[in-house]
Amino acid sequence: MEYGYHFDSHLLGHFLAERAVSKVVVHRQEKITDVSINDNGNIAALVTESGEHISADFFVDCSGFSAFLMQKTLGVKFNSYKENLFNDSAVVLPTAITDNIPVETQATALSNGWCWKIPLTNRYGNGYVYSADFISSDAAEIELRSHLDCLHGSQSARHLKMKVGQLDKHWERNCLALGLSQGFIEPLEATALHLVQISIELFITEFENGGFGNTHQAAYNSKMSQRFERVRDYIVAHYKLNTRNDSEYWRANRNNPKISDSLGQLLDVWFNRGDMEVEIERQNLSSHFNSTSWHCLLAGYGAFPPLAAKQPNQGDLYKDQKIQTFLHSCSLNFDPNK
């Protein structure tokens, strides 16, 4: 059984900083205003607000969505996922913790996105992830407060903008991007820290195997790009397969034809009662989301391979016009007689 932990990210940050300093890492808080470049195009030094040059052989860009080193300095392109994932905003609001602290995160679909509720020891972390193309920030906050039953509460909310997508290259010259600077996919499956961890571990392996040079840079970039794309596909499936008709947002997600070939092939195998495990192995996807993950996600959408004893007649189900329209929008060739 896989599981995850709930923890306060700010407290974790302080803990890791103290841990690093105890291991002889020098930790400085500085505002970087400029970057110095060598003749060969590599980053030579960071320039602080006071004019000091901090030089190094290698740099890690953790500057968030601005990607100060990778995008603004080295000119690495950002590939947006806007056509696949509509959500680009969030409003967050803490609420008081209850006496009986639950052990799970709750995710609830709202009119134009979804809301998380994460229990910590001292509070609930709540947030509404939504698309600004379908609802205003003020309306989103009102909907979140209403959902949390604190419409007239005094606690202030924070509004955030999300830049969903990934860099064209996660490692360029003598710089590695990590966290928000390398890319971001909305937190529906809480994959952000997992991608950071994978990025670090894979970089260590490729950097060492490449003799501490750029020999394996292209291989690293290809592997990380695949990681982000496959996480994107898993998140897209949540929206593509929805059956809600109470808002234009959910209808637009369901009717969105922009899905990857990989996701289209997975859905084709599923709805034709093929072997998902074989297909996942064929596409080499098990390191992203395995067969169990896909079965848990897709089981609510009408086909249960192999056929269960008490399952309704699937031939009749797939003759339904709405189902046929949906399958057609996914470019799936489904045979209801199978």
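Structure's up top.
So, how was this worked out
- Residues numbered from 1 in each chain as written.
- Predicted model: local features only at pLDDT ≥ 70, side-chain atom pairs only at ≥ 80, totals over all residues.
- Heavy atoms only, no water.
- Phe/Tyr/Trp six-rings, centres within 6.5 Å; stacked < 30°, edge-to-face > 60°.
- Buried < 20%, exposed > 50% of the residue type's maximum accessible area, 1.4 Å probe, protein only.
- Helix = DSSP H or I, 4+ residues; strand = E, 2+ residues; numbered from the N terminus.
- Lys NZ or Arg CZ within 6 Å of the ring centre and 35° of its normal.
- Disulfide = S-S within 2.5 Å.
- Axes fitted to C-alpha atoms, helices over the stretch in contact; angles between N-to-C directions.
- Parallel < 35°, antiparallel > 145°, perpendicular 65-115°, else oblique.
- Contact = heavy atoms within 4.5 Å.
- Nonpolar A, V, L, I, M, F, W, Y, C, P; charged D, E, K, R; others polar.

Undergrad: Quick rundown of the packing of aromatic side chains? Include the residues and the values.
TA: According to the stated counting rule, one finds 19 aromatic pairs in the structure shown. On the basis of an interplanar angle of 55 degrees and a centroid distance of 5.5 Å, the ring pair of Tyr128 and Tyr130 is categorised as tilted. We note that Tyr128, like Tyr130, is buried. Plain terms: the ring middles of Trp171 and Phe203 are 4.9 Å apart, the flat faces sit at 75 degrees to each other, and that makes the pair edge-to-face. Taken together, the residues span a long stretch of sequence, with Trp171 in strand β12 (residues 171-172) and Phe203 in helix α3 (residues 192-209) at a distance of 32 residues. When sorted by exposure, Trp171 lands in the same class as Phe203, which is buried. One aromatic cluster is present, formed by Phe58, Trp171, Phe203, Phe207, Phe212 and Tyr220 through successive ring pairs. Just above the ring of Tyr124 sits the side chain of Lys117; from NZ or CZ to the centre is 4.4 Å. Over the aromatic face of Tyr81 sits the side chain of Arg232, whose NZ or CZ is 4.9 Å from the ring centroid.

Undergrad: Kindly report on the state of the cysteines, identifying the contributing residues and their values.
TA: Tallied over the full model, the rule gives zero disulfides. Distance from the sulfur of Cys115, which forms no disulfide, to the nearest cysteine sulfur (Cys150) is 9.8 Å. Residue Cys115 is classed as buried on the basis of its relative accessible area of 2%.

Undergrad: Residue-level account of the packing of helix α6 (residues 261-271) against helix α8 (residues 291-298), with values.
TA: Here α6 crosses α8 at 70 degrees, and the two axes come no closer than 12 Å. Regarding the angle of α6 to α8, the classification is roughly perpendicular. On α8, the residues touching Leu263, Leu266, Leu267 and Trp270 of α6 are Trp294, His295 and Leu298. Partitioned by chemical class, the residues of the contact of α6 with α8 number six nonpolar, one polar and no charged.

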